[in-house]
Amino acid sequence: MKFKLVWMGCLFFVGSLLVACGSDEQPEVEQTAEEVEPAFTEEDIVTIEFWHGMGGELGEALDEVVDGYNESQDQVYIQPEYQGSYEELLTKFRSVGGTGDAPALVQVFEIGTKYMIESGYITPVQDWIDKEGYDITQLEENILSYYSVDDKLYSMPFNSSTPALFYNKDMFEEVGLDTENPPSTFAEIKEAAEKLTDDGRYGFSILGNGWFFEQLVATQGGHYVDMDNGRSDNATEALFNGEEGLKVFEWIHEMNQAGDFGYFGQNWDDLRAAFQAGQVAMYLDSSAGTKGVIDNADFEVGVTFIPHADEVERNGVIIGGASIWMANGIEEVEQAAAFDFLKYLQTPEVQAEWHIDTGYFAINPLAYEEEIVEKEHEMYPQLRVPIEQLQETISSTATQGALMGVFPEARQQVVSALEGMLQGTDPKTAIDQAVEGTNRAIDVYNRTVE
């Protein structure tokens, strides 16, 4: 891939300084971006600092992607820098955003979207999509929708996932449940959990993480906050204690009271370990963990859509994970280089490798037609289930996901409410307390951004 600079009436060359070589007095020259071939030398390479929050094996997979791009051309060098967890990464970016110390590209988890849009530190990728005429219709619409507001795409989706229901097929057979027809509604989960619960084994579990609660509300078509889920204007109050959210709390409460629900805390690894050890028969997990769960289990693992309330049709899921944002405090030539890398990430070949290496969705669905993906799906047919769930999602402001500046605080309010309910608090009281705490946080946030 050869990187092309954009002709905007003024040709930029990269050297120790960026110098504009055109002026209003110069005659117009008919020249297209494709005709511009900057005379780059090794010293002229555009270095793009890319902050991310992917450690361990995910970090290694990301490094391979970056290496592939750097080796594909000789004009741009992407320099990935691990900054810790998503929370730590966003905190660090907040401290340098808008300054010369800010990175050109930064990965931010999905619940940081509202903050990033309002931060004043970013250039929407839509600006470069329009400038270059880049075709985003080739990308997965139900992934793009989360990061789009008023038909403007603010960041480029990268590592995207949704939840799914994981279940132990051996245990299903043991109690006479159909392994190929798993439960799909709250009532069916509750009934199956009762059958699956045994000494030292719970029928169902859910992680202490607000993401799953949000999904169970959205698949009923419910909104998390007002103002069209915070997408038509700043949210002013939380709505998740409405009918949809209360159903979720009451459903978990009833299974907990019956002894069929096991709670293993807020750590992902603890719940996965409980599933692999046979301590829980069904649970919700991220689609990105599918292959790892299968590889670490000594039984056959089933994967299916998340459950929904019996009284409603399934609406689908909200995208999770993170996207990549472009800083606005960098030169145009650097933004062009950064956008070239973002386009590279979306090619079917790169997305195919990313999907099989990490379990995250391919942002470009053509990746699923790549031979390496087809072979992977033959070995792990469960990987197809979350893809189908995403593609069958009904697009709406509910499944598009809520936007709010205090999402981390809201999630912790929900987790605290859930844990309080499991210890005896009435479901309605518990969820109302979570909404009250969230509303206080929303009020403080809105007053700071006015």
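Residues numbered from 1 in each chain as written. Predicted model: local features only at pLDDT ≥ 70, side-chain atom pairs only at ≥ 80, totals over all residues. Heavy atoms only, no water.

The name an unreviewed UniProt entry assigns to the protein is Glycerol-3-phosphate ABC transporter substrate-binding protein, from the organism Alkalihalobacillus alcalophilus ATCC 27647 = CGMCC 1.3604. Per its UniProt entry, the protein bears the Subcellular location (unreviewed entry) comment "Cell envelope". Note on the protein: under the UniProt heading Sequence similarities (unreviewed entry), the record states "Belongs to the bacterial solute-binding protein 1 family." (UniProt positions renumbered as here; feature names shortened; annotations may be inferred.)

It is worth spelling out the packing of aromatic side chains at this point. Here the structure, examined in full by the defined rule, presents 26 aromatic pairs. With 4.6 Å between their ring centres and 25 degrees between their planes, Phe158 and Trp354 make a pair best called stacked. Taken together, the positions of Phe158 in strand S9 (residues 156-161) and Trp354 in helix H14 (residues 348-358) put the pair 196 residues apart, joining distant regions of the chain. For Phe158, a relative accessible area of 1% translates into the label buried. Exposure remark for Trp354: the relative accessible area of 2% places this residue in the buried category. Of the aromatic side chains, those joined through ring pairs into one cluster are Phe213, Tyr224, Phe240, Phe249 and Phe407. (Phe/Tyr/Trp six-rings, centres within 6.5 Å; stacked < 30°, edge-to-face > 60°. Helix = DSSP H or I, 4+ residues; strand = E, 2+ residues; numbered from the N terminus. Buried < 20%, exposed > 50% of the residue type's maximum accessible area, 1.4 Å probe, protein only.)

What follows deals with the packing of helix H1 (residues 56-72) against H14. Where H1 meets H14, the closest approach of the two axes is 10 Å, and the angle between their N-to-C directions is 165 degrees. If you check the angle between H1 and H14, you find them roughly antiparallel. H1 and H14 meet at a crossing whose hand is right-handed. Each of Leu58, Ala61, Leu62, Glu64 and Val65 in H1 lies in contact with H14, whose residues at this interface are Val350, Trp354, Asp357 and Thr358. Along the lines of polarity and charge, the residues of the contact of H1 with H14 split into six nonpolar, one polar and two charged. (Axes fitted to C-alpha atoms, helices over the stretch in contact; angles between N-to-C directions. Parallel < 35°, antiparallel > 145°, perpendicular 65-115°, else oblique. Left-handed = near helix turned anticlockwise from the far one by under 90°. Contact = heavy atoms within 4.5 Å. Nonpolar A, V, L, I, M, F, W, Y, C, P; charged D, E, K, R; others polar.)

What follows covers the sheet that holds strand S12 (residues 280-286). Spatial strand order, S11-S12-S10-S13: four strands in an open sheet with mixed pairing. The open sheet has two edge strands, strand S11 (202-205) and strand S13 (301-304), and neither has a second partner. On average, each strand axis in the sheet is tilted by 20 degrees relative to the strand beside it, whichever way the strands run. When strand S10 (residues 163-168) meets S12, the two strands line up antiparallel, connected through five bridges. If you follow Pro163 over to S12, its bridge partner there is Ser286. Across the sheet, helix H7 (residues 186-196) touches S10, S11 and S12, and the angle it forms with S12 is around 135 degrees. (Pairing = 2+ DSSP bridges.)

Attention now goes to unusual backbone geometry. Phi is positive for Asp151, which is not a glycine, with a value near 65 degrees. With respect to the helices and strands, the residue Asp151 is situated in the loop between strand S7 (148-149) and strand S8 (152-153). The backbone phi angle of Asp228 is positive, close to 55 degrees, even though this residue is not glycine. Structurally, Asp228 is set in helix H9 (residues 226-230). Take Asp228: its relative accessible area is 41%, and that puts it in the partly exposed class.

In this structure, Ala235 sits in the loop between H9 and helix H10 (243-258). Assessed through its relative accessible area of 6%, Ala235 is described here as buried. Along the sequence, Ala235 and Leu58 sit 177 residues apart, while their C-alpha atoms lie 34 Å from each other. When residues no more than four places from it in sequence are discounted, the contact partners of Ala235 are Val225, Asp226, Met227, Gly230, Leu403, Ile442 and Asn446.

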